[in-house]
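Here's the letter readout for the chains.
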Amino acid sequence: MNGTVFAPWLDDVQGHWNQRPMRLQHHLHEHPALQLDALAALVESYPRSHYALVHTSRHGDGSARWREGDLGGTPGRAVIEAIAGGSLWLNLRQANERAPAYAQLLEQAYAEIASRVPGFEAGALKMGILISSPGAQVHYHCDLPGQLLWQIHGRKRVWVYPAAAPCLQPEWLEDIAYTGFEFSLVYDASFDRMAMVFDLEPGQMLTWPLNAPHRVENADCLNVSVTTEHWTPENRRAQKVHLANAVLRHRLGLRPRSRALVGPHYWAKAALQAAWRRSPWAGQTQKALRPLEFRLDPQSPGGLVDSSIRVA
Ligand SMILES: [Fe+2]
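> Could you clarify how one ought to interpret the coordination of the iron ion in this entry?
For a metal bound by four donors in a tetrahedral arrangement, the ideal donor-metal-donor angle is 109.5 degrees, while six donors in an octahedral arrangement ideally sit at 90 or 180 degrees. In this structure, His141 (NE2), Asp143 (OD) and His214 (NE2) serve as the protein donors to the iron ion, at separations of 2.2 to 2.3 Å. Look at where the donors of the iron ion fall in the sequence and you get H-x1-D-x70-H. Taken as a pair, Asp143 in the loop between β6 (137-141) and β7 (146-153) and His214 in strand β11 (residues 214-218) lie far apart in primary sequence, 71 residues in all. The two residues Asp143 and His214 agree in class, both being buried.

See the structure below:
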């Protein structure tokens, strides 16, 4: 890396941040901490509580089957080789808390954005690293915080949809806030006509308007991507309104229409969602943790062995 995270910004970018999807150039893929050897070492030190390893396959009827598994102490290089072999993805959450190099890159990236985008103010920054197989897909979904997708290794195609009906309904955002499950969206292939489609290569990143639905398909090669997450003050207010509206709808049978982020409606909802978070019911609505159904084992046929480990 030559000292900055972003390659020189184009002059027309600043006025369009969060207004439309944009593909920008960056240097993260050149950083030593994001080369495959460094990632292999990182994988070996990753705590169980901070990663998800998922194997995808098909049931007999053709429907998708997801199983979550354990790295089983497999050496980092062998983990990456197994992922390159197919049907796996590994999400290393909050890498910025695991090593100072990632925290520094994250801070620097957002400092550069703040220096170029007037009024941009973001906190609660997180960086995840996703290592995924050739052809792997991330299905249609949206994220409540702001997110950026940085390509490090391999190539992928990303479809970004308008953050408006019919591609996104307000109730879907409310359900994500209520359940913590970001795949609570209903995809229709006709939405593709409204999508902007981007091919990402190492050194390219993608930003899109808040909550814009998206889906991803890897090209036929191992992929390493970084995802960064941020919350702006407006994001946080919207999150409180989404959650309060979901509580009013699911628990009280009401049909809240206001989504105001200021004024008395907003403050009443901020109080309601705070009370809800403290209530014993709040945890019951969140998506349950999956059991761990396999562990990696490069010595066994297929590279996996079934298991029934359950980790809280
Ligand atoms: Fe996403």
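That shown, we press on.
> What is the right way to read the packing of aromatic side chains from this model?
Note on aromatic pairs: each is described by the distance of the centres and the angle between the planes. Taken as a whole and judged by the stated rule, the model has nine aromatic pairs. With a centroid separation of 4.9 Å and 85° between ring planes, the pair formed by Tyr140 and Tyr161 is classed as edge-to-face. Taken together, the residues span a long stretch of sequence, with Tyr140 in strand β6 and Tyr161 in the loop between β8 (156-160) and α4 (170-179) at a distance of 21 residues. The burial state of Tyr140 is the same as that of Tyr161; both residues are buried. For the ring pair Tyr161 and Tyr187, a centre distance of 6.4 Å and an interplane angle of 75° mean the geometry is edge-to-face. Highlighted residues: Tyr161 in the loop between β8 and α4 and Tyr187 in the loop between α4 and β9 (196-200), separated in sequence by 26 residues. Of the residues examined, Tyr161 reaches a relative accessible area of 2% and is grouped as buried. What links up through ring pairs into an aromatic cluster is the set Tyr140, Tyr161, Tyr187 and Phe191.

> How should the side chain of Arg67 be read in this particular structure?
Summarising the element assignment, Arg67 is placed in strand β3 (residues 64-70). The exposure class of Arg67 is buried, given its relative accessible area of 10%. Reaching out from Arg67, the side chain makes a polar contact with the side chain of Asp306 at a distance of 3.0 Å.

> Even after reading the chapter, I still don't get the sheet that holds strand β12 (residues 223-231), so can you show me in this structure?
Ordered in space as β1-β10-β7-β12-β5-β4-β2-β3-β13-β14, the 10 strands form an open sheet in which the pairing is mixed. A single partner strand is all that each edge strand has here, and the edge strands are β1 (22-25) and β14 (304-306). Each adjacent strand pair in this sheet contributes to an overall mean axis angle of 30°, direction not counted. On top of the sheet, helix α5 (residues 233-252) reaches β5 (123-132), β7 and β12; it is set at about 80° to β12, its chief contact.

> In this structure, what is going on with α4? I would like to understand it.
Along an α-helix, residues three or four positions apart point the same way, because every turn accommodates 3.6 residues. Most of α4 sits inside the fold, with seven of its 10 residues counted as buried. Those residues of α4 lying buried are Trp172, Leu173, Glu174, Asp175, Ile176, Ala177 and Tyr178. Where α4 terminates, the next one or two residues include Gly180, which has phi positive at roughly 75°.

The rules behind the values
- Note on numbering: residues in each chain are counted from 1, in written sequence order.
- With the structure being a predicted model, the display of local features is reserved for residues of pLDDT at least 70 and the display and counting of side-chain atom pairs for 80 or more, all residues being used for whole-chain, interface and lining totals.
- Processing note: side-chain calculations cover all non-hydrogen atoms of the structure and skip hydrogens and water entirely.
- Donor atoms: N, O and S within 2.8 Å of the metal, or within 3.2 Å for Na, K and Ca. Because water is excluded, sites can look incomplete.
- Elements are defined by DSSP. Helices are runs of H or I of four residues or more, strands are runs of E of two residues or more, and each kind is numbered from the N terminus.
- Exposure classes here rest on a 1.4 Å probe applied to the protein chains alone. A residue is buried below 20% of its type maximum, exposed above 50%, and partly exposed in between.
- For Phe, Tyr and Trp, rings pair up if their centres lie within 6.5 Å, where Trp contributes its six-membered ring, and each pair is then called stacked (planes under 30 degrees apart), edge-to-face (over 60) or tilted (otherwise).
- Here a polar contact is taken to be a pair of N or O atoms separated by no more than 3.5 Å, where protein atoms must pair a possible hydrogen donor with a possible acceptor and residues adjacent in sequence count only if both atoms sit in side chains.
- Strands were regarded as paired on the criterion that DSSP finds at least two bridges between them.
- Lines fitted to the C-alpha atoms define the axes, with helices restricted to the stretch that makes contact. Angles between their N-to-C directions range from 0 to 180 degrees.
- Contact criterion: two residues are considered in contact whenever any of their non-hydrogen atoms come within 4.5 Å of each other.

Honestly, that's just the spatial picture; any functional story needs more than this.
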